[in-house]
Amino acid sequence: MTEVKDDTLLAQKNRIRGAARARDFKKVNELWEELVEQEETFDREFYYEITNDVANRGDADQAGRLLFALLPLIEQHASGEEAFSMLRRVAALAPHARRKYSSLKRKAQTYQ
C-alpha cells in the first residue's frame, strides 16, 4: 500500500513539474494544494525546485504564495531554523507579499 501511495505522490509531483514548465500556474496551484494535503513529509528539495522554476518563469509572486501555502507542513515537519529560512525565501520571492501576509513577520519571529 505504501508503494502505491509513493507512486501517487511521485506522479503528482511530476504533474506539478510539467505544469510549471508549461507556465500553467493555475494548474500548478491546484496540484500544489492537493499535494500539500496528501504529503506526510516535507520534501524541501522538491518544493524549492518547483518554486524556483515558477519564479524563473516569470511569476515570483506565485512562487511566494506556493511557499506560504506550505506553512502547515513546515510547522509540522521542519525545524525552527528551516521554517524561518522558508519564510525569508517567501519574502525574497515576493517582496510585496510581506504586506499581503501581515502575519509573515510575526510567524518568522516565532521560529527564531
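Above: the structure in question.
Residues numbered from 1 in each chain as written. Predicted model: local features only at pLDDT ≥ 70, side-chain atom pairs only at ≥ 80, totals over all residues. Heavy atoms only, no water.

Chemist: It is not clear to me how the environment of G64 should be interpreted in this structure. Could you clarify?
Modeler: Structurally, G64 can be placed in helix α4 (residues 60-68). G64 gets classed as buried once you look at its relative accessible area, which sits at 0%. It is 7.0 Å that separates the C-alpha atoms of G64 and A91, two residues lying 27 residues apart in sequence. (Helix = DSSP H or I, 4+ residues; strand = E, 2+ residues; numbered from the N terminus. Buried < 20%, exposed > 50% of the residue type's maximum accessible area, 1.4 Å probe, protein only.)

Chemist: Got a minute to help me understand a negative patch on the surface in this structure?
Modeler: Side chains of D24, E30, E33, E34 and E37 sit close together on the surface and give a patch of like negative charge. Exposure remark for E37: the relative accessible area of 69% places this residue in the exposed category. (Patch = residues over 30% accessible without salt bridge, like charges linked within 9 Å, V, L, I, M, F, W, Y side chains within 5 Å. Areas by Shrake-Rupley, 256 points an atom, 1.4 Å probe, with all protein chains shown as cover. Salt bridge = Lys/Arg side-chain N within 4 Å of Asp/Glu carboxyl O. Lys, Arg positive; Asp, Glu negative; His and termini not counted. Charge placed at Lys NZ, Arg CZ, Asp CG, Glu CD.)

Chemist: Explain the nonpolar core here, please?
Modeler: One broad rule of soluble globular proteins: the nonpolar side chains tend to lie buried together. Within the largest apolar cluster, 31 residues are counted, with the highest numbers of intra-cluster contacts made by Y47 and L70. Elements with a minimum of two residues in this core: α1 (2-21), α2 (25-38), α3 (44-56), α4, α5 (71-77) and α6 (80-93). (Core = buried A, V, L, I, M, F, W, Y, C linked by side-chain atoms within 4.5 Å.)

Chemist: Help me out: how do you make sense of the packing of α3 against α6 in this one?
Modeler: Orientation of α3 relative to α6, taken along the N-to-C sense of each, is 10 degrees, at an axis distance of 12 Å. Taken together, α3 and α6 sit at an angle that is classed as roughly parallel. Mapping the contact onto sequence places R44, Y48, T51, N52 and A55 in α3 and E82, S85, M86, R89 and L93 in α6. Classifying every residue of the contact of α3 with α6 gives four nonpolar, three polar and three charged. (Axes fitted to C-alpha atoms, helices over the stretch in contact; angles between N-to-C directions. Parallel < 35°, antiparallel > 145°, perpendicular 65-115°, else oblique. Contact = heavy atoms within 4.5 Å. Nonpolar A, V, L, I, M, F, W, Y, C, P; charged D, E, K, R; others polar.)

Chemist: In this structure, what is going on with the side chain of Q62? I would like to understand it.
Modeler: Within the secondary structure, Q62 is located in helix α4. Overall, Q62 belongs to the buried group, its relative accessible area being 7%. Excluding its chain neighbours within four sequence positions, the residues that come into contact with Q62 are F25, N29 and V54.

Chemist: It is not clear to me how unusual backbone geometry should be interpreted in this structure. Could you clarify?
Modeler: Most peptide bonds take the trans form, and the phi angle of most residues other than glycine is negative. For R23, which is not glycine, the phi torsion reads 60 degrees and is therefore positive. You can see R23 is positioned in the loop between α1 and α2.

Chemist: Even after reading the chapter, I still don't get the packing of aromatic side chains, so can you show me in this structure?
Modeler: Working definition: an aromatic ring pair is given by the centre-to-centre distance plus the angle between the planes. Following the criterion strictly, the structure yields two aromatic pairs and no others. Plain terms: the ring middles of W32 and Y47 are 5.0 Å apart, the flat faces sit at 65 degrees to each other, and that makes the pair edge-to-face. Placement of the pair is W32 in helix α2 and Y47 in helix α3, with a sequence separation of 15 residues. Each of the two residues, W32 as well as Y47, counts as buried. Taken together, a centroid distance of 5.5 Å and an interplanar angle of 65 degrees make the contact between F46 and Y47 edge-to-face. An aromatic cluster of at least three residues, connected via ring pairs, comprises W32, F46 and Y47. A cation over an aromatic ring shows up here: K13 above the ring of F46, its NZ or CZ 5.2 Å from the ring centre. (Phe/Tyr/Trp six-rings, centres within 6.5 Å; stacked < 30°, edge-to-face > 60°. Lys NZ or Arg CZ within 6 Å of the ring centre and 35° of its normal.)

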